[in-house]
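# Coordinates in review
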Amino acid sequence: VKKADVIHAILAERIHNAPQPIIATAFAPTNIALCKYWGKRDQELNLPETSSLSISLAEKGTTTAIRVIDNSLDNILFNGKPIDPTSTFGRRLLAFLDLFRTKHSVHFYIDFTSNIPLAAGLASSASGFASIVLALNQLYDWQLSLQELSILARLGSGSACRSLWNGFVEWEKGCQTNGMDSHGSLLPMTWPELCVGLLIVNTHEKSISSREAMERTKASSSFYSLWPDKVRVDLALIKEAIRAYDFSLLGKTAESNAMNMHAMMLSAWPPISYFQPETIAAMRDIWKLRQEGLEIYFTQDAGPNLKLLFLQQDLLRVKSRFAGIEVLQPFLS
Ligand code: 2P0
């Protein structure tokens, strides 16, 4: 199944809608996985081997403004600067836009504004692709559901399918070959006291893209066969923790899930490590704080920085220990 087949199945005749004579603007939050997506069963459609679960970072994300222009090329800006069409993100974005061009002559002006600290290595691709499908939905008056938009966003980047909602979102892996049952869904629970701290330990460039890293992990780590069972158990525990407001269970399960993902990468060949010395030092600090009785946990994605998980009651202690962290309360904004 090709991406274009999925687009046609969802949009049908609406693919021929004329664009509105407006600039369409939409915002989507970035999201942090508490149970990670790592490995695909279909690389074309970004269909995952496992389900995953995330928390959206509310006001942190990407705003996309889009309109059709009378030009022979797209004009795409990111935080005011032109996007390099040969960069990884540039190429992925242009290939994604090609899916929605009814004629080769259709070109877009797109202005992405992100308020995510770029140095945090917080992928802006998830909120970027989610906000672009929201903006296209307005521009072409498709009137799609968030579930359908989640499927379209996934075609741009897997984790983008979780960025259509605020709060806790589960990406059900689905089993259909066309991926129509593989999309995000909002979980109805909220947790106002939950805090996410962005701990930037190092601003080095990513060594390897997550797309490449997850393929290599799946192809070469002898631990990968254990991952689906680990995710099944962790997903159930995280949902139970959210339902019962059991923060220790939530933090422990999220941290353990991230460490398992990184352990698989260390065992890939050639090995992959997103750890920098400062990452390990920060982990040791967190483990020591836990021994001292502070309920603080972390998760780590495809970069050296950590996302801290703690409750509002410990906000001052955490801030005094980690100078300069940015703290978000996903349910309070
Ligand atoms: C996640 N990550 O669940 C995992 C954990 C990074 C670490 O999803 O190839 O940009 O576009 O589907 O979504 C980052 O990978 O990969 C990611 P593609 P994506 O958040």
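My aim in this report is to walk through the structure given alongside it, one point at a time. All of these numbers come straight from a predicted model, not from anything done at the bench. (Residues numbered from 1 in each chain as written. Predicted model: local features only at pLDDT ≥ 70, side-chain atom pairs only at ≥ 80, totals over all residues. Heavy atoms only, no water.)

Attention now moves to the site of the ligand. Taken together, 18 residues are adjacent to the ligand, and Y37, K40, S157, S159 and R211 come closest. In this structure, an oxygen atom belonging to the ligand sits 2.8 Å away from a main-chain N or O atom of G158. One nitrogen or oxygen atom from the side chain of R162 is found 2.8 Å from an oxygen atom belonging to the ligand. In terms of residues, the shell around the ligand owes the most to one element, helix 5 (residues 210–220), which gives three residues. Across the shell around the ligand, the residue classes break down as six nonpolar, six polar and six charged. (Near = heavy atom within 4 Å. Polar contact = N/O pair within 3.5 Å; in protein donor to acceptor, adjacent residues only side chain to side chain. Helix = DSSP H or I, 4+ residues; strand = E, 2+ residues; numbered from the N terminus. Nonpolar A, V, L, I, M, F, W, Y, C, P; charged D, E, K, R; others polar.)

This brings us to helix 8 (residues 277–291). Here helix 8 is 15 residues long and its end C-alpha atoms lie 21 Å apart, about the 21 Å a rise of 1.5 Å per residue gives. For helix 8, the set of buried residues is T279, A282, M283, I286 and L289. Take helix 8 and look down its axis: the buried residues cluster within an arc of 125°, on one side only. Turned more than 90 degrees from where helix 8 packs its buried face, P277, R284, K288 and Q291 sit exposed. Check the buried side of helix 8 and you find it contacts strand 10 (194–199), helix 7 (247–266), strand 11 (297–300), strand 12 (306–311) and helix 9 (315–321). The positive-phi residue at the C-terminal boundary of helix 8 is G293, with phi of around 105°. (Expected span 1.5 Å × (residues − 1). Buried < 20%, exposed > 50% of the residue type's maximum accessible area, 1.4 Å probe, protein only. Arc of directions from axis to C-beta. Contact = heavy atoms within 4.5 Å.)

Here strand 5 (residues 75–78) runs beside strand 7 (residues 107–114); their pairing, made up of four bridges, is parallel. Residue F78 lies in a different strand from strand 7, and its bridge partner there is F112. In terms of strand pairing, strand 5 meets strand 6 (residues 81–82) through two bridges, oriented antiparallel. Residue pairing across strands places F78 opposite K81, the latter belonging to strand 6. A loop of two residues connects strand 5 with strand 6, the two strands running antiparallel in sequence, and N79 in this loop sits at a positive phi of about 50°. (Pairing = 2+ DSSP bridges.)

Residue P270 is bonded to the preceding W269 through a cis peptide linkage, with omega at -10°. On the secondary structure map, P270 appears in the loop between helix 7 and helix 8. The residue N46 is not glycine, and still its phi comes out positive at about 50°. When its relative accessible area of 1% is taken as the criterion, N46 is described as buried. Residue D141 is not a glycine yet carries a positive backbone phi of 50°. Looking at where D141 falls in the secondary structure, it is placed in the loop between helix 3 (124–139) and helix 4 (146–156). Residue D141 is classed as partly exposed on the basis of its relative accessible area of 38%.

For the rest of this paragraph, the subject is the packing of aromatic side chains. This structure, assessed with the given rule, holds 13 aromatic pairs. Between W287 and F298 the ring centres are 6.2 Å apart and the planes differ by 50°, which places this aromatic pair in the tilted class. Separated by 11 residues along the polypeptide, W287 in helix 8 and F298 in strand 11 bring together distant segments of the chain. In this structure W287 comes out as partly exposed when scored by relative accessible area, which is 31%. On the accessibility criterion, F298 (0% relative accessible area) is buried. Just above the ring of Y109 sits the side chain of R67; from NZ or CZ to the centre is 5.1 Å. One Lys or Arg, R321, reaches over the ring of F322 and ends 5.2 Å from the middle of that ring. (Phe/Tyr/Trp six-rings, centres within 6.5 Å; stacked < 30°, edge-to-face > 60°. Lys NZ or Arg CZ within 6 Å of the ring centre and 35° of its normal.)

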